[in-house]
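Reading the structure
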Amino acid sequence: MFSYLFTFRSLTAAQSAGSILHRAAVACQVQRAPAQASAQGCGYAVRVPGTEGRRAASVLRMWQRPFGKSYRLSDGGRLEETAL
Amino acid sequence: MIYFDAGATTLQKPPTVAAAAARAISSCASPGRGGYPAAMRAADALFACRQLAGQMFDTEAEHVVFTMNATHALNLAIKSLVGPGDRVVISGFEHNAFRRPLHHIGAEICVAGQTLFDPEDTLRCFREALKPGTKAVVCTHVSNVFGYILPLEQIAALCRERSVPLIVDASQSAGVLPVRLRALGAAFVCMPGHKSLYGPQGTGLLLCGAQTKTLLEGGSGSDSRLDDMPTYLPDRLEAGTHNVCGICGLMEGLRFVRSRQPGSILRHEIALRTHLQTILRAVPSVCVYSGEPQAGTCSFTVDGTDCEQLAQALYARGIAVRAGLHCAPLAHASAGTLQSGTVRVSFSAFNTMEETDRFARALRAVLQKR
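Position numbers for residues start from 1 in each chain and track the written sequence from start to end. Working convention: letters from A go to chains and numbers from 1 go to ligands, in the order in which they are written. Only residues with pLDDT of at least 70 get local features here, since the model is predicted, and only at 80 or more are side-chain atom pairs given and counted; chain-wide, interface and lining totals rely on the full set of residues. The basis for every side-chain value is the complete set of heavy atoms in the structure, and neither hydrogens nor water enter the calculation.

Counting residues at the interface gives 19 residues for chain A and 22 residues for chain B. The term buried area means the drop in 1.4 Å probe accessible area that two parts suffer when joined, counted for both and summed. Across the chain A to chain B interface the summed buried area is about 1600 Å²; carbon plus sulfur atoms make up 52%. Interface area lost by chain A to chain B is led by Arg9(A), Thr12(A) and Gln40(A), which between them contribute 35%. Salt bridge, as applied in this entry: a Lys or Arg side-chain nitrogen positioned within 4 Å of an Asp or Glu carboxyl oxygen. Connecting chain A to chain B are one salt bridge. Contacts described as polar in this section are N or O atom pairs within 3.5 Å, which, within protein, must combine one atom able to donate a hydrogen with one able to accept it, while residues neighboring in sequence count only if both atoms come from side chains. Counting the contacts that link chain A with chain B gives 13 residue pairs in polar contact (both at pLDDT 80 or more). Only α1 (11-23) and β2 (29-32) of chain A provide two or more residues apiece to the side of chain A that touches chain B. Between two residues, a contact is recorded if the distance between any of their heavy atoms is within 4.5 Å. Helix and strand definitions here come from DSSP, where helices need a minimum of 4 consecutive H or I residues and strands a minimum of 2 consecutive E residues; each element is numbered from the N-terminal end.

For the rest of this paragraph, the subject is the sheet that holds strand β9 (residues 286-289) of chain B. Residue and element names in this part refer to chain B. Two strands pair if DSSP finds at least two bridges between them. Across the sheet, which stays open at both edges, the four strands sit in the order β9-β10-β13-β12 with antiparallel pairing between neighbours. Two strands bound the open sheet, and with one partner strand each, they are β9 and β12 (322-324). Between one strand axis and the next, the sheet turns by 25 degrees as a mean value, whatever way the strands run. Across four bridges, β9 lies against strand β10 (residues 297-302) in antiparallel orientation. The partner of Val 288 across the bridge, within β10, is Phe 300. Lying on the sheet, helix α9 (residues 264-281) is in contact with β9, β10 and β13 (342-346); it crosses β10 at an angle near 15 degrees. Between the N-to-C directions of two axes lies an angle of 0 to 180 degrees, each axis being a line fitted to C-alpha atoms and, for a helix, fitted only over the stretch in contact.

Attention shifts here to the domain arrangement of chain B. Residue and element names in this part refer to chain B. Domains assigned within chain B are domain 1 (2-9 + 262-368) and domain 2 (15-259). Of the residues lining the interface, 33 residues belong to domain 1; the matching set on domain 2 comes to 30 residues. Taken together, the connections running from domain 1 to domain 2 amount to zero salt bridges. For the pair domain 1 and domain 2, the number of links is 13 residue pairs in polar contact (both at pLDDT 80 or more). Of all elements in the fold, only α9, β10, α11 (329-335) and β13 reach the threshold of two or more residues within the side of domain 1 that touches domain 2. With six residues, the single largest contributor to the side of domain 1 that touches domain 2 is α11. Here the residues of the side of domain 1 that touches domain 2 are counted per class, giving 17 nonpolar, 13 polar and three charged. Where each domain begins and ends is defined by an automated method or by a domain database. Amino acids outside the nonpolar list (Ala, Val, Leu, Ile, Met, Phe, Trp, Tyr, Cys, Pro) and the charged list (Asp, Glu, Lys, Arg) are all regarded as polar, and Gly is one of them.

Residues and elements named next belong to chain B. Examined against the element boundaries, Ala 311 turns out to sit in helix α10 (residues 307-316). Considering only alpha carbons, one finds Ala 311 and Gly 324, 13 residues apart in sequence, at a separation of 9.2 Å. Discounting chain neighbours no more than four positions away, the residues touching Ala 311 are Val 321 and Ala 323.

Another aspect to go through is helix α6 (residues 152-161) of chain B. Along an α-helix, a turn takes 3.6 residues, which lines up residues three or four apart on a common side. All names here are of chain B. Each residue is assigned to one of three classes by its accessible area relative to the maximum for its type, calculated with a 1.4 Å probe on protein chains only: buried under 20%, partly exposed between the two thresholds, exposed over 50%. What α6 keeps buried is the set Leu 152, Ile 155, Ala 156, Leu 158 and Cys 159. Around the axis of α6, the buried residues are gathered within 160 degrees of arc, so they sit on the same side. Buried residues along α6 sit in contact with α5 (119-129), β5 (134-140), β6 (166-169) and α7 (181-184). Ser 163 sits one or two positions beyond α6 and adopts a positive phi of about 55 degrees. Each C-beta atom gives one direction from the helix axis, and the arc is the one those directions make.

Time to look at unusual backbone geometry. Here the bond from Leu233(B) into Pro234(B) is cis, since omega is 0 degrees, no more than 30 degrees from zero. Positionally, Pro234(B) belongs in the loop between β8 (204-208) and α8 (244-259). The omega torsion across Glu292(B) and Pro293(B) is -5 degrees, close enough to zero to call that bond cis. The residue Pro293(B) is located in the loop between β9 and β10 in this model. Phi at Cys42(A) takes a positive value of approximately 55 degrees, unusual for a residue other than glycine. If you trace the backbone, Cys42(A) turns up in the loop between β2 and β3 (44-49).

A few words on the nonpolar core. Among the nonpolar cores identified, the biggest contains 63 residues, and Phe57(B), Val137(B), Leu166(B), Val189(B), Met191(B), Leu205(B) and Leu254(B) are the most heavily contacted of them. There are two domains that each give this core at least three residues, and those are domain 1 (2-9 + 262-368) and domain 2 (15-259) of chain B. Here the nonpolar core consists of buried residues drawn from Ala, Val, Leu, Ile, Met, Phe, Trp, Tyr and Cys, with membership extended through side-chain atoms lying within 4.5 Å.

Looking now at the pattern of salt bridges. Residues and elements named next belong to chain A. Within this structure, the stated rule accounts for 14 salt bridges over all chains. Close ionic contact of Arg 78 with Glu 80 constitutes a salt bridge, the shortest N to O distance being 3.9 Å. Given a relative accessible area of 57%, Arg 78 falls into the exposed group. Residue classification places Glu 80 among the partly exposed positions, given a relative accessible area of 38%.

Right, let's talk about the packing of aromatic side chains for a bit. Each Phe, Tyr or Trp ring (for Trp, its six-membered ring) is paired with any other whose centre lies within 6.5 Å, and the angle between the two planes then decides the class: stacked below 30 degrees, edge-to-face above 60, tilted in between. The tally for this structure, following the rule as stated, stands at eleven aromatic pairs over all chains. Judged by centre distance (6.3 Å) and plane angle (75 degrees), the ring pair of Phe300(B) and Phe359(B) falls under edge-to-face. Placement of Phe300(B) in strand β10 and of Phe359(B) in helix α12 (residues 353-368) is noted, with a sequence separation of 59 residues between them. Here the two residues Phe300(B) and Phe359(B) agree in accessibility, since each one is buried. Counting as a charge over the ring demands two things of the Lys NZ or Arg CZ atom: a distance within 6 Å of the ring centre and an angle within 35 degrees of the ring normal. The ring of Phe2(A) carries Arg72(A) above its face, with NZ or CZ at 3.8 Å from the centroid.

In structure tokens, the structure reads:
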């Protein structure tokens, strides 16, 4: 099973997005962003299950929680930028 | 001991405050410095505190910045807006936490409103002082010496009307009176965590409604390749490791305040202050500084008695009050007590009528011995 990562400029922004997703009943986890997804170093991301990617993106846009980029993360750890 | 110095810091806290701080010291690492559970626990605790503070003080969690105290917050606010030679209007009741940074910067300080317990005069003076070119208004919500509640909403409306940024010192009001960043349209609101929010010493909050400048630069756990601090809040103003234990305690203090009915802590403190003032007025040679609107703080002087010696005699009877200038010489100058200072009694949610009566008996005993 794969998952999606949404990157944020700060830990607090990621937490804020995570809080919105929880309220919308989207399971998610705030975590450090992979180095590859962190252009300036030390970035943060919200991870959601593969089945929830589009809904999560839609909720974040609706609540004006802009994310940097979105990535598809495979079980094997392969990271691929993707548009959601 | 009877503790009547909540205006400096609240000594009695809800037991949950110490418990949370103690828990944090052994379970929380540094937020934003790792993805392992202890770091994420700390991150979650800080975010929960930001969220609750944001809800209580009407702003987004990201606009809540953790500081060491209100002075730290005030310095960030002032140095974000004011430069050398800038004209700044302040009330006549400001604490040194405002006055000294403004002097240090070399701002042109215009004092508006020095009449105690006269909100109309305060407002009129602010209206007159807010001339074109004013860079900022700095205003305390409640005088730390006299408990005078300044007409903050009206001053904020005036600032909005004239497009002048407002910095609010909510040191004596946060947790007691409504404080709302967005509703006020303020540039910044500054508050300590350790007074009426019942958190530990070493905690404070800056609520940001305007662009900020940094006071410290260093690790923020974000955008680490950049040479400068991040441009976004709260990271921009939070260089270095947070006071996680203090913030976890502050969270419980905020919960305690929020668990009370709105206005109930203020009503309790005012009831104690009114009772005390009634007693004090009956004591010959005591001058009580009272009026409306006044919060739960009261200052008094006794003819022919040094305020520090009087406080010392009260300490000897197990009563903690604060004497002197209370780091607010401007407020004393406004009230005409700069030479003498005053004895200040400031209440918290944990004080009782019985303590107030015991204080009155102790004061009478001290004065009879003179």
